[in-house]
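Spelled out, the chains give:
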Amino acid sequence: MSELADAQANEVCIVDDDPSVLKSMHYLLASEGLKVRPFNKAEDFLAHASTHRVPVVVTDIWMDGVTGLEVLARLCAISPETRVIVITAREDLAARATAMAIGPVAFFMKPFLPSDF
């Protein structure tokens, strides 16, 4: 495997429009030795995912513009092998059911603790 492929395999993308969540998730995942690529706009992440291999993404559901549910749906088309972890601060059973039907690996309510992972 090339160095580039190795680096990409160890990369986690985070998509959230809350800067404090991006920062804390970055620190949490980096402390575990993972390379983290944060995105504060879903559109920017989707552009990245259309041209780069994305093994894992952590995405919020409720963001301005493109929602996390839209990210999930678009990833099915452009990067079906990407593993998705959904995070949200809102208890919305319809959104949770929709997300789970699309197929994320996990679904977490914010705030969460490192031990939740």
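Everything that follows concerns the structure shown earlier in this document.
Residues numbered from 1 in each chain as written. Predicted model: local features only at pLDDT ≥ 70, side-chain atom pairs only at ≥ 80, totals over all residues. Heavy atoms only, no water.

> Is there a simple way to explain the nonpolar core in this structure?
Nonpolar side chains tend to gather and get buried jointly when the protein is soluble and globular. Within the largest apolar cluster, 19 residues are counted, with the highest numbers of intra-cluster contacts made by V15, F45, V57, V71 and L75. Not counting residues within four places of it along the chain, the set of residues in contact with F45 comprises C13, V15, F39, V54, V57, V71 and L75. Ranked by size, the runner-up nonpolar core spans twelve residues in total, among them I14, V21, L29 and I85. (Core = buried A, V, L, I, M, F, W, Y, C linked by side-chain atoms within 4.5 Å. Buried < 20%, exposed > 50% of the residue type's maximum accessible area, 1.4 Å probe, protein only. Contact = heavy atoms within 4.5 Å.)

> In this structure, what is going on with the packing of helix 3 (residues 42-51) against helix 4 (residues 68-78)? I would like to understand it.
The description of two packed helices rests on the angle between their axes and on the distance between the axes. Running from N to C, helix 3 and helix 4 point in directions that differ by 10 degrees, and their axes come no closer than 10 Å. The orientation of helix 3 with respect to helix 4, classified from their angle, is roughly parallel. Contact with helix 3, carried on its side by A42, F45, L46, A49 and S50, involves V71, R74, L75 and I78 of helix 4 and no other residues of that element. Of the residues that constitute the contact of helix 3 with helix 4, the class distribution is seven nonpolar, one polar and one charged. (Axes fitted to C-alpha atoms, helices over the stretch in contact; angles between N-to-C directions. Helix = DSSP H or I, 4+ residues; strand = E, 2+ residues; numbered from the N terminus. Parallel < 35°, antiparallel > 145°, perpendicular 65-115°, else oblique. Nonpolar A, V, L, I, M, F, W, Y, C, P; charged D, E, K, R; others polar.)

> Looking at this structure, how should I read the pairing of strand 4 (residues 83-88)?
Every other side chain in a regular strand lies on the same face of the sheet, so the side chains alternate between the two faces. Most of strand 4 sits out of view: five of its six residues are buried. With five bridges connecting them, strand 3 (residues 56-60) and strand 4 associate as parallel partners. When the bridges of strand 4 are listed, V56 appears paired with R83. Relative to strand 5 (residues 106-109), strand 4 runs parallel, the two being bridged by four bridges. (Pairing = 2+ DSSP bridges.)

> What should I look at first to understand the pattern of salt bridges in this one?
For side chains bearing opposite charge, pairing can occur when the charged atoms are close. The full count for this structure, using the stated rule, is two salt bridges. In this structure, K35 engages E11 in a salt bridge whose closest nitrogen and oxygen atoms are separated by 3.1 Å. In this pair, K35 sits in strand 2 (residues 35-39) while E11 sits in strand 1 (residues 11-15), placing the two residues 24 residues apart along the sequence. E11 is paired through a salt bridge with R37; the nearest N and O atoms lie 3.1 Å apart. A residue pair is termed long-range when its members are at least 10 positions apart, and E11 in strand 1 and R37 in strand 2 qualify at 26 residues. Judged by relative accessible area, which is 30%, R37 ranks as partly exposed. Through salt bridges with shared partners, a single ionic network connects E11, K35 and R37. (Salt bridge = Lys/Arg side-chain N within 4 Å of Asp/Glu carboxyl O.)

Function cannot be read off these values alone, since they describe shape.
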